Protein chains: 2
Amino acid sequence: MADTTYVKANNLVDSARAKGLRLTTAESCTGGLVAAALTDIAGASDVFDRGFVTYSNAAKCDMLGVADAMLKAHGAVSAEVARAMALGAIDHSLADVAVAVTGVAGPGGGSPEKPVGLVHFACARRDGAVNHVERRYGPQSRAEIRAASVTQALDMMIDAVDAAQRRP
Amino acid sequence: MADTTYVKANNLVDSARAKGLRLTTAESCTGGLVAAALTDIAGASDVFDRGFVTYSNAAKCDMLGVADAMLKAHGAVSAEVARAMALGAIDHSLADVAVAVTGVAGPGGGSPEKPVGLVHFACARRDGAVNHVERRYGPQSRAEIRAASVTQALDMMIDAVDAAQRRP
């Protein structure tokens with residue numbers, strides 16, 4: 001893990017612990033990297049109890065309850081599916097904050113409409129609020145797109161935890 | 001990812017694809033690193049559709065069907081639980097081969113009986129056969145123990161795929 005990733009993940013774990021909040025992850029193109037960044041921190045178990053690596057459409061349906069009709073209508077790499085993944089991760093865990101990542105990491109799989117480097121992120125809270133971000137990282141390598149996506153996902157969770165109330 | 005991890009993961013994806021076999025992961029102490037290693041390979045979606053990051057005991061029960069009584073009797077870091085995680089991952093996916101990893105990555109959480117560096121691995125096939133390995137990595141860093149565990153998990157899946165029949 002890059003040092004900045006470690007620092008961000010460490011800050012996130014500390015902030016969530018201080019507020020008594022729990023985190024979860026729903027990952028497609030990052031394929032476990034966000035969960036790995038969180039669990040790189042000793043004591044992550046205080047705030048992280050599970051993560052979903054939903055690489056296929058079937059996994060998004062089975063593990064997170066994403067509707068098959070939504071996947072057909074919008075495609076897996078879409079704002080709608082990112083939001084549904086994040087809300088589904090909340091529903092299928094005890095977490096207070098969930099981040100979802102779905103994108104085209106390449107080098108194959110791109111299209112004019114959804115090029116390599118397009119990644120949709122959503123960060124959901126247990127009260128149902130969802131924040132969505134679309135990033136277009138352009139023609140970088142698969143590893144670079146995945147690493148940039150981890151940073152974005154951590155940043156969104158940090159913001160969500162900062163804005164959240166301490167758990168009563 | 002270290003180069004050797006990339007090479008092993010690449011070989012594993014190629015071998016599984018050639019035999020029409022699918023893979024899944026059930027990770028505790030590696031926390032998503034094995035899934036991340038597989039999805040680092042372009043085209044991993046041909047053989048990998050989901051992974052389970054079951055960091056807590058509750059996650060092992062909810063996501064993989066590990067019995068609470070087994071966790072209480074043997075502890076999460078045990079051969080029994082590693083086997084149950086691997087078989088549960090087969091049951092909760094469409095995969096032909098599943099690897100499970102549960103251990104004490106440290107620096108805290110060790111005991112005389114289960115010291116830091118103790119990791120149990122299990123690799124299950126859809127026919128119910130399970131291979132178990134116990135490793136004691138000794139007093140290395142958390143990152144070193146996790147990285148060594150990824151290598152061991154990939155090696156066990158490589159052996160399982162090599163020994164398996166091509167899917168009819």
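Note that the structure is predicted; figures quoted are calculated from it, not measured. (Residues numbered from 1 in each chain as written. Chains lettered and ligands numbered in written order. Predicted model: local features only at pLDDT ≥ 70, side-chain atom pairs only at ≥ 80, totals over all residues. Heavy atoms only, no water.)

K.L.:
Please provide a residue-by-residue account of the sheet that holds strand β3 (residues 97-103) of chain A, values included.
P.N.:
Strand order across the open sheet formed by 10 strands is β5(A)-β4(A)-β3(A)-β1(A)-β2(A)-β2(B)-β1(B)-β3(B)-β4(B)-β5(B), with mixed pairing between neighbours. The outermost strands of the open sheet, each flanked by one partner alone, are β5 (130-136) of chain A together with β5 (130-136) of chain B. For this sheet, the mean angle separating the axes of adjacent strands, direction not counted, is 10°. The pairing of strand β1 (residues 23-27) of chain B with strand β2 (residues 48-54) of chain B spans five bridges and is classified as parallel. Directly across from L23 of chain B, in β2 of chain B, lies its bridge partner F48 of chain B. Across the sheet, helix α6 (residues 142-163) of chain A touches β1 (23-27), β3, β4 (118-125) and β5 of chain A, and the angle it forms with β4 of chain A is around 25°. (Pairing = 2+ DSSP bridges. Helix = DSSP H or I, 4+ residues; strand = E, 2+ residues; numbered from the N terminus. Axes fitted to C-alpha atoms, helices over the stretch in contact; angles between N-to-C directions. Contact = heavy atoms within 4.5 Å.)

K.L.:
Pulling in residues and values, what's your account of the nonpolar core?
P.N.:
Grouped together as the largest cluster of nonpolar side chains are 75 residues, with contacts concentrated most on L23, L154 and M157 of chain A together with L23, L154 and M157 of chain B. The contact partners of L154 of chain A, leaving out residues within four places of it in the chain, are T5, K8, A9, L12, V34, A37 and L38 of chain A. (Core = buried A, V, L, I, M, F, W, Y, C linked by side-chain atoms within 4.5 Å. Buried < 20%, exposed > 50% of the residue type's maximum accessible area, 1.4 Å probe, protein only.)

K.L.:
I'd love a proper account of the side chain of T30 of chain A, names of residues and values included.
P.N.:
Note on placement: T30 of chain A falls in the loop between β1 and α2 (33-39). Among the residues examined, T30 of chain A registers a relative accessible area of 0% and is labelled buried. Side chain to side chain, T30 of chain A and E27 of chain A meet in a polar contact 2.8 Å long. What T30 of chain A contacts, discounting residues up to four positions off in sequence, is V101, R146, S149 and V150 of chain A together with T39 of chain B. (Polar contact = N/O pair within 3.5 Å; in protein donor to acceptor, adjacent residues only side chain to side chain.)

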